[in-house]
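# Summary of structural features
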Amino acid sequence: MAKANSKANAQEMTVEERLKALYDLQSVESSIDKIRTLRGELPLEVQDLEDEVEGLETRMGNLDGEVKNLNDAILSKKNEIKEADLLIKKYEAQQGNVRNNREFDSLSKEIEFQKLEIELCEKRIKEFTVELKNKKELGESSKTLVEERKADLSAKQKELEEIVGETQVEEERMMEKSDKILNIIPERLQIAFKRIRKNARNGLAVVTVERDACGGCFNKIPPQRQMDIASRKKIIVCEYCGRILVDNAIGGEAE
């Protein structure tokens, strides 16, 4: 019954009343758009920070593994040096008991080989040590960065929770207001409004005339057409962008 009365009231509205209702509806819908835009950006920022923190923690985990491998490699080379030293001592002791020059030369070659192995191991230890230092420095900087990003994430999450809490009530209030206005607007105008809004890049279906131009696409409007808009005798749309045009004064009159 209430719906039937709303339809009846919508049919009885003057063109001026319909224009005011459409302007009010646009104002409310724009407010809802702003709320959703504000809320819509924060979850993306939170998600980006969560992804960054996860990536940094993965990198730190990989660095820890690389540091362990380098430490193991350095220890392994040190053990190889100890083994080579033992072999050198063994071969040098054997040289004192050789029976001929051929055996002496053979042991000398083994000693020389072990000394070369020691030099190679020492070189590798130096390389591993430099790499280890770089990995540790990178790990420390990553740790600092993770802590910073976690702090940013915590702040953004708190901000998002506060905004969702604050805007949810306002959004629901605005949506109720939008429904009330829609109920007094003829169905064909509702359909037209929604269609125009859907096609408009900024969601503006109803715009005022600003400085002799359409407030949506900024194309100039002829003086006679402006007079027709200001008279509020018929619903006029912009011939360029299709938005519903209202005179600038209607904004100050709309509640």
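Keep in mind that this is a model prediction, so the values were computed, not measured. (Residues numbered from 1 in each chain as written. Predicted model: local features only at pLDDT ≥ 70, side-chain atom pairs only at ≥ 80, totals over all residues. Heavy atoms only, no water.)

## Comments concerning the overall build of the protein
Looking only at helices and strands, the protein features six helices and four strands. When its helices and strands are written in sequence order, the protein yields α-α-α-α-β-β-α-β-β-α. Against the compact-globule benchmark of 18 Å for 255 residues, the protein has a radius of gyration of 40 Å, which places it well outside the compact range. By principal-axis analysis of the C-alpha atoms, the protein measures approximately 130 × 40 × 25 Å. The buried share of the protein, taken over its 255 residues, is 31%. Of the contacts formed within the protein by residues at least 6 apart in sequence, a portion of 72% connects residues at least 24 apart. Of the accessible surface of the protein, which amounts to about 16900 Å², a share of 50% is contributed by carbon and sulfur atoms. Averaging the coordinates of the 45 positive side-chain charges in the protein and doing the same for the 52 negative ones gives two points 4 Å apart. (Helix = DSSP H or I, 4+ residues; strand = E, 2+ residues; numbered from the N terminus. Rg over C-alpha atoms; globule rule 2.2 N^0.38 Å. Buried < 20%, exposed > 50% of the residue type's maximum accessible area, 1.4 Å probe, protein only. Contact = heavy atoms within 4.5 Å. Areas by Shrake-Rupley, 256 points an atom, 1.4 Å probe, with all protein chains shown as cover. Lys, Arg positive; Asp, Glu negative; His and termini not counted. Charge placed at Lys NZ, Arg CZ, Asp CG, Glu CD.)

## Looking at the pairing of strand E1 (residues 206–210)
In the case of a regular strand, side chains alternate between the two sheet surfaces. Taken across its five residues, E1 has four buried, putting it largely inside the fold. In this structure, E1 lies alongside strand E4 (residues 244–246), joined through three bridges in parallel fashion. Counterpart to Val-207 in the pairing with E4 is Leu-245. Sheet analysis places E1 next to strand E2 (residues 213–214), joined by two bridges and oriented antiparallel. Across the sheet, residue Val-209 finds its bridge partner in E2, namely Cys-214. Taking the residues between adjacent antiparallel strands as the criterion, E1 and E2 are bridged by two residues, where Arg-211 takes a positive phi near 50 degrees. (Pairing = 2+ DSSP bridges.)

## Quick look at the sheet that holds E4
Within the open sheet, the four strands sit side by side as E2-E1-E4-E3. Their pairing is mixed. Both outer strands of the open sheet, E2 and strand E3 (236–237), are each paired with one neighbouring strand and no more. Contacting E1 and E4, helix H2 (residues 15–95) runs over the sheet at an angle of about 105 degrees to E4. (Axes fitted to C-alpha atoms, helices over the stretch in contact; angles between N-to-C directions.)

## Structural notes on unusual backbone geometry
Despite not being glycine, Arg-211 has its phi angle at roughly 50 degrees, a positive value. In this structure, Arg-211 sits in the loop between E1 and E2. Accessibility expressed as a relative area gives 78% for Arg-211, which makes it exposed. Positive phi, close to 65 degrees, is recorded for Asp-212, a residue that is not glycine. Tracing the chain through its elements places Asp-212 in the loop between E1 and E2.

## Section: helix H3 (residues 101–184)
Taking 1.5 Å per residue, 84 residues should reach 124 Å; H3 reaches 117 Å between its end C-alpha atoms and fits that length. Roughly 30 degrees is the biggest bend found in H3, and it falls at Thr-167. Of the residues that open H3, the one with a side-chain oxygen 3.1 Å from the backbone nitrogen of Arg-102 is Asn-100. (Expected span 1.5 Å × (residues − 1). Bend = angle between axes of the 7 residues up to and from the residue. Polar contact = N/O pair within 3.5 Å; in protein donor to acceptor, adjacent residues only side chain to side chain.)

## Some points on the nonpolar core
Burial of nonpolar side chains together is a common tendency in soluble globular proteins. Among the nonpolar cores identified, the biggest contains 19 residues, and Leu-22, Leu-25, Ile-181, Ile-185, Phe-193, Val-206 and Ile-244 are the most heavily contacted of them. For this core, the secondary structure elements donating two or more residues are H2, H3, helix H4 (187–199) and E4. In terms of residue count, the dominant contributor to this core is H2 (six residues). (Core = buried A, V, L, I, M, F, W, Y, C linked by side-chain atoms within 4.5 Å.)

## What to know about the environment of Arg-232
Examined against the element boundaries, Arg-232 turns out to sit in the loop between helix H5 (223–231) and E3. For Arg-232, a relative accessible area of 8% gives the class buried. Expressed as a C-alpha distance, the spacing of Arg-232 and Lys-20, which sit 212 residues apart in the sequence, is 9.5 Å. Among the polar contacts made by the side chain of Arg-232, one reaches the side chain of Glu-16 at a distance of 2.9 Å.

## Digging into the UniProt feature "coiled-coil region" (unreviewed entry) in the protein
As annotated in UniProt, the feature "coiled-coil region" (unreviewed entry) corresponds to residues 46–163 in the numbering used here. Structurally, residues 46–163 comprises 96% helix and 0% strand, and the distance from its first C-alpha atom to its last is 13 Å. (UniProt positions renumbered as here; feature names shortened; annotations may be inferred.)

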